[in-house]
Each structure stands twice: as structure tokens, then as C-alpha cells.
Amino acid sequence: MTHSFRTFIALVLLSLPLPALAQGAQIAFGNTAQDSTLPVEVTADNLDVNQQDGTAVFTGNVLIGQGEMRLSAPRVLVVYKGDQSGIEQLQATGGVTLVSGEDAAEASQADYNVDTGLIEMEGDVLLIQGPNALTGDKMFVDTRAGTARVTGRVKTILQPEGGDR
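Note that the structure is predicted; figures quoted are calculated from it, not measured.

S.K.: A description of unusual backbone geometry should follow, citing residues and the corresponding values.
M.R.: Residues other than glycine seldom take positive phi values, yet Asn61 does so here, at roughly 50°. You can see Asn61 is positioned in strand 4 (residues 55-66). Judged by its relative accessible area of 61%, Asn61 falls in the exposed class. Of note in the backbone geometry, Arg153 takes a positive phi value of approximately 50° without being a glycine. Within the element layout of this structure, Arg153 appears in the loop between strand 10 (147-151) and strand 11 (155-157).

S.K.: I'd like to hear about the nonpolar core, residue by residue, with values.
M.R.: If you look at the biggest cluster of nonpolar residues, it comprises 31 residues, and the most contacted ones within it are Phe29, Val76, Leu98, Ile119, Met121 and Met139. At the level of elements, strand 4, strand 5 (69-80), strand 6 (87-100), strand 7 (103-113), strand 8 (118-129), strand 9 (132-142) and strand 10 are the ones that each hand at least two residues to this core. In contact with Met139, not counting residues within four places along its chain, are Phe29, Ala105, Ile119, Glu120, Met121, Val125, Leu127, Ala148, Arg149 and Val150.

S.K.: Account for the environment of Thr143, naming residues and giving values.
M.R.: Position of Thr143 among the secondary structure elements: in the loop between strand 9 and strand 10. Residue classification places Thr143 among the buried positions, given a relative accessible area of 6%. Placed 29 residues apart in sequence, Thr143 and Val114 show a C-alpha to C-alpha distance of 9.7 Å. A polar side-chain atom of Thr143 sits 2.7 Å from the main-chain carbonyl oxygen of Gly117.

S.K.: An account of the environment of Val96 is needed here, citing residue identities and associated values.
M.R.: Tracing the sequence through the fold places Val96 in strand 6. According to the relative accessible area criterion, Val96 is buried, its value standing at 1%. With 26 residues separating them along the chain, Val96 and Glu122 place their C-alpha atoms 9.5 Å apart. What Val96 contacts, discounting residues up to four positions off in sequence, is Leu71, Ser72, Ala73, Ala105, Glu106, Ala107, Ser108, Gln109, Ala110 and Met121.

S.K.: Would you mind going over the side chain of Thr55 in detail, with residue names and values included?
M.R.: With respect to the secondary-structure elements, Thr55 resides in strand 4. Residue Thr55 is classed as buried on the basis of its relative accessible area of 12%. Reaching out from Thr55, the side chain makes a polar contact with the side chain of Asp53 at a distance of 2.7 Å. Those residues in contact with Thr55, other than ones at most four positions away along the chain, are Asp48, Val49, Asn50, Leu77, Val78, Val79 and Tyr80.

S.K.: I'd love a proper account of the pattern of salt bridges, names of residues and values included.
M.R.: Under the definition given, this model contains 2 salt bridges. For the salt bridge of Asp115 with Lys81, the shortest nitrogen-to-oxygen distance reads 3.0 Å. Of this pair, Asp115 sits in the loop between strand 7 and strand 8 while Lys81 is found in the loop between strand 5 and strand 6, placing the two residues 34 residues apart along the sequence. The class for Lys81 is partly exposed, based on a relative accessible area of 24%. Across the pair Glu120 and Lys138 runs a salt bridge, and its minimum N-O distance is 3.4 Å. Placement of the pair is Glu120 in strand 8 and Lys138 in strand 9, with a sequence separation of 18 residues. Take Glu120: its relative accessible area is 27%, and that puts it in the partly exposed class.

About the criteria used
- Residues numbered from 1 in each chain as written.
- Predicted model: local features only at pLDDT ≥ 70, side-chain atom pairs only at ≥ 80, totals over all residues.
- Heavy atoms only, no water.
- Helix = DSSP H or I, 4+ residues; strand = E, 2+ residues; numbered from the N terminus.
- Buried < 20%, exposed > 50% of the residue type's maximum accessible area, 1.4 Å probe, protein only.
- Core = buried A, V, L, I, M, F, W, Y, C linked by side-chain atoms within 4.5 Å.
- Contact = heavy atoms within 4.5 Å.
- Polar contact = N/O pair within 3.5 Å; in protein donor to acceptor, adjacent residues only side chain to side chain.
- Salt bridge = Lys/Arg side-chain N within 4 Å of Asp/Glu carboxyl O.

The analysis is restricted to geometry; functional conclusions fall outside its scope.
Laid out in C-alpha cells, this is it:
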């Protein structure tokens, strides 16, 4: 059996539907766990604050940084905690990019719960990890654990290391 034929068989087997993929794929995300207690830095072209409902809307080239994690989007709604002691949630829309270490993900929208460190991305999710790509309908990122789970018609392309091309 030639090396190319074995590689072909391996790729065919990887493309078959697997029960685990129907439930979602658990993967690492980012180089290390993210500390959600770090300050959140937001830059944008515009800011509108609503004191009555405890929200702020950043628009235009929004870039959010927390530790090593970066999130960018055209629009981000910031929901403050009821006692105004900090940020409760960030809701990014209009095409979102999330970068942590060498990993990057894109989606239509993302919700980040700052207290729990959980990010839910949805809408044409694309995750890039080095030469590998993974797509799905939703991705749930646990920034504290440094893991992610992709669900909803998950598809991946795995590049063999040092293999024939």
C-alpha cells in the first residue's frame, strides 16, 4: 500500500459522518486559558451611552482586548451589571473576528459573558488553527479552560504533517 493511497483512505474515513461530530467537536482554543478578571479595553469610532438601561453601544471599527484575546466587530453592545460594578456582557454583531494566540474565529455575531468567560459565536462560524480549518453553525468558547465546542453541521479540513500534497 503506497503512502498516497493510505493518506487518501485516511481522508475518506475522516470525511464520513461520525456520531461525535453530530453532537459537536471539542477542541482547544488559544494558547492558554484567558483570565476573565482582567480589564476589558474597548476602542471604537463612536460611543452612545444609555444611563437608563445600563448599556453602551460602540460602533465603527470596534476592537476589544482582554489579556491576549482580541475581538473585533462593526458594532458591540456593552451591558453593564445592575449595580454598575462592571461589564456583564458584550454582544458583537455585523461580522465578528475573535483571536486568541495563534487561533482565529469568525462568525456573524458573538455574545461574551465576562463573568463566566463564555463566548457564544453563531452564524457561518469559521475557526482557523494553523493550516487546519473547521466550520459550523455555532461555537462555544470557554476562555478560562482554553477550549471550544463547534456544533451544527461541523466540517473540518485537516492537513497531514509532512504528507504528500
